[in-house]
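Here are the chains, one letter per residue:
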Amino acid sequence: MKRKRTISPETTREQLAAIIVDKLREHQIEAVLVGGAVVSIYTNNKYESYDLDFISPASHDRLAAAMAELDFRLHGKDFVHPHTAFTVEFPSGPLGIGDDVPIAAEGSMIVYGVRIVMLSPTQSVMDRLVSFFVFSDRQCLDQAVWIAQKHPVDLERVKEWAKRERHEEKLNVFLNRLRI
Amino acid sequence: MYEALFGSKTVEKCLLYIVNYGEGHINGIAKTFGLSAGNVQRQLEKLEAGGILVSQFSGNTKNFRINPRLAIKTELTGLLERMLMLLPQEQTERYFRQRRRPRRTGKRI
């Protein structure tokens, strides 16, 4: 029999993601974990995000119905829960990185026996670099560097992508940071 | 640290800020470093007159950035990027890590 997982203040980001993905699958809903939560996972919380962003093709009503079964309620655009500080959002899709839209998520992790589909380290680096390229956000540059320092990242692919995005100059800032 | 190279601490800070964030305006730079707006304005205008910076109005705000046509743009930004990389962590966090990516209106922080 399937064990019911409860959400508590001790529930980690990864555990919460698994509980949510599991619940969504009960409703035949697929969702991909993206954004800052993925960075937190890949950097072992060097960057700490309290948002869990999922991209899902499901309608808002279906998502809200599934989330309600976990006692999440809608607060603005965020789903909040009485027993966790983490908030959950379903930004509109499709999944993309810069001008590469749509893309398929290439990362995953298994928690509680649940497969969480998420951006891969390479995709997460590119996702962070978009904010550095477009908004000159150095926090995101740091995050991209931290991911690349902890995980194998396909730098050739990142270079090709940055060239297509016409941000080779800013990519060099990232590559120089990795060389230190 | 390299104010002798740039002529003044304020010029050095203005250039580091602008390269770090892509652009900068008088009050943003002054507030970040605790400088007087008048001092920052004088230095930015001097750099603009010298062709190092260009400016553009966005609403009432005059934003300055490195002149894209500057012949030594790549070398200058490369030097400033190197200086940014070598800054002590405390200074980096304090002055050069303001959030620039947008946050959705109403998002809980």
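Just so it is clear, the structure is predicted and the values come from calculations on it, not from any experiment.

### Quick look at the interface of chain B and chain A
Consideration 1: On the side of chain A, 15 residues touch chain B, which itself brings 13 residues to the contact.
Consideration 2: Elements with a contribution of two residues or more to the side of chain B that touches chain A: α2 (9–21) and α5 (73–85) of chain B.
Consideration 3: Across the side of chain B that touches chain A, the residue classes break down as three nonpolar, three polar and seven charged.

### Quick word on the nonpolar core
Consideration 1: By size, the foremost hydrophobic cluster in this structure holds 50 residues, and its most contacted members are A17(A), L33(A), V38(A) and A144(A).
Consideration 2: Broken down by element, this core gets its largest block of residues, seven residues, from helix α1 (residues 13–26) of chain A.
Consideration 3: In terms of nonpolar packing, the next biggest core, distinct from the first, is built from 16 residues, L15(B), L44(B), I52(B) and F64(B) among them.

### Considerations on helix α5 (residues 138–150) of chain A
Consideration 1: Look at α5(A): 19 Å from first C-alpha to last across 13 residues, which is about the 18 Å you get at 1.5 Å a residue.
Consideration 2: Within α5(A), burial applies to R138(A), C140(A), L141(A), D142(A), Q143(A), A144(A), V145(A), I147(A) and A148(A).
Consideration 3: Structurally, α5(A) contributes buried residues whose contacts are with α2 (36–42), α4 (121–135) and α7 (168–179) of chain A together with α2 of chain B.

### Regarding the environment of G78(B)
Consideration 1: Relative to the elements of secondary structure, G78(B) occurs in helix α5.
Consideration 2: For G78(B) and L47(B), which are 31 residues apart along the polypeptide, the C-alpha to C-alpha distance reads 18 Å.

### Quick notes on the packing of α4(A) against α5(A)
All names here are of chain A.
Consideration 1: Where α4 contacts α5, the two axes come as close as 7 Å, and the packing angle between them is 160 degrees. In this view, α4 runs roughly antiparallel relative to α5, as classed from their interaxial angle. The way α4 lies across α5 gives a crossing that is left-handed. Residues P121, S124, V125, R128, L129, S131 and F132 of α4 lie in contact with α5, whose contacting residues are R138, C140, L141, Q143, A144, I147 and A148.
Consideration 2: For the contact of α4 with α5, a count of residues per class yields nine nonpolar, three polar and two charged.

### Overview of unusual backbone geometry
Residues and elements named next belong to chain A.
Consideration 1: In this chain, G93 is followed by P94 through a cis amide linkage whose omega measures 0 degrees.
Consideration 2: One non-glycine residue with positive phi stands out, namely N44, at about 50 degrees.
Consideration 3: Topologically, N44 is positioned in the loop between α2 and β2 (51–55).
Consideration 4: Among the residues examined, N44 registers 9 C-beta atoms within 10 Å and is labelled exposed.

Cut-offs used in this document
- Residues numbered from 1 in each chain as written.
- Chains lettered and ligands numbered in written order.
- Predicted model: local features only at pLDDT ≥ 70, side-chain atom pairs only at ≥ 80, totals over all residues.
- Contact = placed C-beta atoms within 7 Å.
- Helix = DSSP H or I, 4+ residues; strand = E, 2+ residues; numbered from the N terminus.
- Nonpolar A, V, L, I, M, F, W, Y, C, P; charged D, E, K, R; others polar.
- Core = buried A, V, L, I, M, F, W, Y, C linked by C-beta atoms within 7 Å.
- Buried ≥ 20, exposed ≤ 12 C-beta atoms within 10 Å, placed from the backbone.
- Expected span 1.5 Å × (residues − 1).
- Axes fitted to C-alpha atoms, helices over the stretch in contact; angles between N-to-C directions.
- Parallel < 35°, antiparallel > 145°, perpendicular 65-115°, else oblique.
- Left-handed = near helix turned anticlockwise from the far one by under 90°.

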